[in-house]
Amino acid sequence: MGCGTSATESQAKKSEKAIKAAILIQRWYRCAMARLEMRRRYALNIFQSIEYAEEQAQLQLSDFFTFMLDHFTQLNETDTDSVSHFFDGISDFNTTSSDLVLLEYEKMIEVPHSYRGPRLSFPLTAEDTAALLHAFKYHQQLHARYVLQLLHETRRVLRQMPNITHLSTSYSKEITICGDLHGKLDDLLLIFYKNGVPSEKNPYLFNGDFVDRGKNSMEILIILFAFLLVYPNDLHLNRGNHEDHLINLRYGFTKEVMKKYWYHGQKILRLLEDVFSWLPLATIIDSKVLILHGGISDTTDLDLLNLFSRNKMKSVLKPPNPHTEKKSSLNKTGLVEQHSSVSKSMAKSPAMSGYRGPHTNDRSDAEKRTRRLHGGTRSDLPPQMHYLESSACKLPELTAKEWKQVVDILWSDPKTQKGCTSNKYRGAGCYFGPDVTSRLLKKYNLKMLIRSHECKQEGYEVIHGGKVITIFSASNYYEEGSNRGAYIKLNPDLIPRFVQYQVSKHTRKETLNQRVSVVECSALKSLREKIYTHRLELIETFKQYDPNDTGYISVGEWALAMESVLHLDLPWRTLRSRLVQLGSDERVDYLSCFDDLEIERPLKEVQPALVETFCRYRNDLEIIFNIIDKDRSGLISIEEFRQTWRFFSSHLNINIDDEAINKLAHAIDFNKDGSIDFNEFLEAFHVVHKFEKRKNQ
């Protein structure tokens, strides 16, 4: 009996130790997974904050266009040559019948016998779509003649469609809803592999943002448009905020088209501009589910959206003329608020703090500066910029109300708090709360809102009590492993079924820790580069907290300084250990956040302050230079470069010596032919990591 009792006690002790060990291991595992999840979330947060800051900067270019209109131009209706190629979206054969246009393209553009890609004949068939999928899978390119013919036919079909498409489901005919693809062809091919290609029995809806960022935007458009022509009742498209020819200048689609179709690229881009403007704005399924790209606002009016001429909305960067439209009705739209104060979010340094924008009460200061620089006459405006004044009379005039309606549905994002507020981080649209969602759904007797527009870690997100669903179909959007993609299957029960996936380039599966580390390192690298482009502003702000010039400030002061300059809404205290070093007294060595970074100076003639300015506004300048570059040669004249930079710096109130710009312009004319390769020039101004540079060398 005694031995039996002893053995039982021993086993009990062993079991107790095993349980304690299991609990300890479980606790360690949970802590490790929680740390990984925190790293993954703040990496995604960094990527999104930088993305939204870039979008805000892009949208603020509309202020520049308005500034040019207000201060450098007077409308001259007799100057027909000044009509911009860039806002002239009507193709050469717009008024000609479809058959004649297709024949005209065949006469104009010869397909050589050496061409090994797919050959299309119109009207298209299912065999043509299969040939396109096969060709693009093996990296073949469709010839420019077929691209132009395809785009022309697509426009013809889109023009017959309503602003808001109405669809119905059945149990044998579920609708597949896909979100943003952003030029990621592998994701589209994987969706078709898993779910089948579009057909009469397998309808699809693609909810905008087909282009930009990825390398295969053109192939995605060709595939979607081809299926649209074959199955016009079963393949449906909504417009996204990136179906915008001026947005495309910044995010890569314009470059992609010109690289792949250099000789015919300009004609393709002009036709695409018109095609984008004819894309439907929203879709309603079974009279219960509203699907649109971005979101809604407290003033969203589906009746108005369904009636106005949607092709008038060529670009969000070309809003209605503020002098002909009252702006009071647009207060909830972030982009319009920027028109009232051009440089609030862009200009924080003392050199820029005095400028209050061309539409404030302090107009006289801007006008005086304008006259001082350029004499205030129309003749001083470069001829290439005259599209700014002429486009308004070339295209049908949008009303402010119509413009706001479209901006809101393309750019807005949901939030958990009630109400409708300006979307200050994107710079356009609004944040709408659950109360706004409920009111709109009740008003139109709807059950659910499905939207895209935001990258989600799992490919989708359900909020507002299940009334709002975000679907995002581009996996690895920011970096390999950063997020999954997803699509929705919807049947008459209107209960969404989510299908997730993730494209992987690696045959060997990486561990979760390895995947998170890659994403985190990429995010922190982008953030450090963003920080360095604001180096002078940050140092000046840091020194306000360091009057004795010790080089150290508290963690709280450092976090406040970072947010006040960068406006990224990031958890700076959490990120502190990855960005700066602490001194012995636990105070931040604020200059350490610039360690291992520098901006390359391609020319000795460039002053350090000018280098940082070029680096910070590089993307904005690239857009403006691309607009000036009519023939897409990548070259602009020295005078165009000098004038454009003077206009832009005057607009931002950046005080840079004209002599410095003149010296720079002549210095970068390497072959002294009077032209500047601005793509090569702008590429030279970028932040480099010293350690990586030494490693590569």
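Residues numbered from 1 in each chain as written. Predicted model: local features only at pLDDT ≥ 70, side-chain atom pairs only at ≥ 80, totals over all residues. Heavy atoms only, no water.

Looking at an unreviewed UniProt entry, one finds the chain named Serine/threonine-protein phosphatase with EF-hands and attributed to Alligator sinensis.

### Description of the packing of aromatic side chains
Evaluated as defined, the whole model comprises 13 aromatic pairs. When the centroid spacing of 6.0 Å and the interplanar angle of 75° are considered together, the rings of Y532 and F594 count as edge-to-face. A residue pair is termed long-range when its members are at least 10 positions apart, and Y532 in helix α17 (residues 512-532) and F594 in the loop between β17 (588-589) and β18 (597-599) qualify at 62 residues. Each member of the pair, Y532 as well as F594, carries the same accessibility label: buried. Seen in terms of ring centroids, F542 and Y590 are 5.1 Å apart; in terms of plane orientation they differ by 35°. Their pairing is tilted. One end of the pair, F542, is in helix α18 (residues 535-544); the other, Y590, is in the loop between β17 and β18, and 48 residues separate them in sequence. According to the relative accessible area criterion, F542 is buried, its value standing at 0%. Members of the aromatic cluster, each reached through a chain of ring pairs, are F47, F472, Y477 and Y478. Cation over ring: R535 sits above F594, and NZ or CZ is 5.7 Å from the ring centre. (Phe/Tyr/Trp six-rings, centres within 6.5 Å; stacked < 30°, edge-to-face > 60°. Helix = DSSP H or I, 4+ residues; strand = E, 2+ residues; numbered from the N terminus. Buried < 20%, exposed > 50% of the residue type's maximum accessible area, 1.4 Å probe, protein only. Lys NZ or Arg CZ within 6 Å of the ring centre and 35° of its normal.)

### Quick word on the state of the cysteines
Structurally, a disulfide amounts to a covalent bond that connects the sulfur atoms of two cysteines. For the structure on display, the rule yields zero disulfides. The cysteine C420 is free of any disulfide, with C430 supplying the nearest cysteine sulfur at 3.3 Å. (Disulfide = S-S within 2.5 Å.)

### Structural notes on the UniProt feature "domain: EF-hand" (unreviewed entry) in the chain
UniProt records the feature "domain: EF-hand" (unreviewed entry) at residues 533-568, 616-651 and 656-691, using the numbering of this structure. Measuring from the first to the last C-alpha atom of residues 533-568 gives 14 Å, for a span that is 61% helix and 6% strand. (UniProt positions renumbered as here; feature names shortened; annotations may be inferred.)

### Some details on the sheet that holds strand β4 (residues 235-237)
Adjacent strands of a sheet pair through backbone hydrogen bonds, lying either parallel or antiparallel. Judged by pairing direction, the sheet is mixed, and its five strands sit side by side in the order β4-β3-β2-β13-β14 without closing on themselves. Edge strands, defined here as strands with exactly one partner in the open sheet, are β4 and β14 (497-501). Ignoring which end each strand starts from, the neighbouring axes of this sheet average 20° apart. In terms of strand pairing, strand β13 (residues 485-490) meets β14 through five bridges, oriented antiparallel. Bridging across to β14, Y487 finds its partner in V499. Against the sheet, helix α6 (residues 185-195) touches β2 (175-178), β3 (204-206), β13 and β14, its axis set at about 125° to β14. Where helix α7 (residues 217-230) meets the sheet, it contacts β3 and β4, and its direction lies at approximately 125° from that of β4. (Pairing = 2+ DSSP bridges. Axes fitted to C-alpha atoms, helices over the stretch in contact; angles between N-to-C directions. Contact = heavy atoms within 4.5 Å.)

### Observations regarding a nonpolar patch on the surface
Side chains of L24, I25 and W28 sit close together on the surface and give an oily, nonpolar patch of about 330 Å² of accessible area. Mapped onto the elements of the fold, L24 is located in helix α1 (residues 2-59). Residue L24 is classed as partly exposed on the basis of its relative accessible area of 35%. (Patch = residues over 30% accessible without salt bridge, like charges linked within 9 Å, V, L, I, M, F, W, Y side chains within 5 Å. Areas by Shrake-Rupley, 256 points an atom, 1.4 Å probe, with all protein chains shown as cover. Salt bridge = Lys/Arg side-chain N within 4 Å of Asp/Glu carboxyl O.)

### Details of the nonpolar core
L290, L305, V316, W411, L446, F641 and F648 are the most contacted members of the largest nonpolar core, which totals 61 residues. F192, F206, L235 and Y487 belong to the second-largest nonpolar core, a separate cluster that totals 60 residues. (Core = buried A, V, L, I, M, F, W, Y, C linked by side-chain atoms within 4.5 Å.)

### Topic: the sheet that holds strand β5 (residues 282-285)
Strand order in this open sheet of six strands is β1-β5-β6-β10-β12-β11, and the pairing throughout is mixed. Of all the strands in the sheet, the pair left with one neighbour each is β1 (164-167) and β11 (460-463). With direction set aside, neighbouring strand axes in the sheet form an average angle of 20°. Sheet topology note: the strand β10 (residues 448-451)/strand β12 (residues 468-471) ladder contains three bridges and is parallel.

### Some details on the side chain of D546
Summarising the element assignment, D546 is placed in the loop between α18 and β15 (552-553). Buried charge without a partner: D546 forms no salt bridge, and the closest opposite charge is R587, 5.7 Å away. Here the side chain of D546 touches Y590 through a polar contact of 2.8 Å, side chain to side chain. Those residues in contact with D546, other than ones at most four positions away along the chain, are G551, Y552, I553 and Y590. (Lys, Arg positive; Asp, Glu negative; His and termini not counted. Polar contact = N/O pair within 3.5 Å; in protein donor to acceptor, adjacent residues only side chain to side chain.)

### Some words on helix α10 (residues 265-277)
Compared with an ideal rise of 1.5 Å per residue, which puts 13 residues at 18 Å, α10 spans 18 Å between its outermost C-alpha atoms and is within 8% of the ideal. Of all 13 residues that make up α10, ten are buried, and the element is covered over most of its length. When we look at burial in α10, the residues that qualify are G265, I268, L269, L271, L272, E273, D274, V275, F276 and S277. (Expected span 1.5 Å × (residues − 1).)

### Here's the deal with unusual backbone geometry
Looking along the chain, the bond that leaves F122 and enters P123 is cis, with omega of 5°. Relative to the assigned elements, P123 resides in the loop between α3 (98-108) and α4 (126-137). For N445, which is not a glycine, the phi torsion comes out positive at approximately 55°. Here N445 is to be found in the loop between α16 (434-443) and β10. Phi is positive for H464, close to 55°, though the residue is something other than glycine. With respect to the secondary-structure elements, H464 resides in the loop between β11 and β12. Overall, the relative accessible area of 11% leaves H464 in the buried class.

### Describing the pattern of salt bridges
One pass over the structure, following the stated rule, counts 27 salt bridges. The salt bridge involving R39 is made with E520; its shortest N-O contact spans 2.9 Å. Note that R39 is positioned in helix α1 and E520 in helix α17, a separation of 481 residues in sequence. A residue is classified by how much of its surface remains accessible, and R39, at 19% relative accessible area, is buried. The class of E520 is buried, set by a relative accessible area of 3%. E520 serves as the salt-bridge partner of R578, at 2.6 Å between the closest nitrogen and oxygen. Residue R578 is found in helix α20 (residues 572-579), and its partner E520 is found in helix α17; the two are separated by 58 residues along the sequence. Taken together, the shared-partner salt bridges in this structure form one network comprising E51, E55, R213, D413, R426, R451, E454, K456 and E461.

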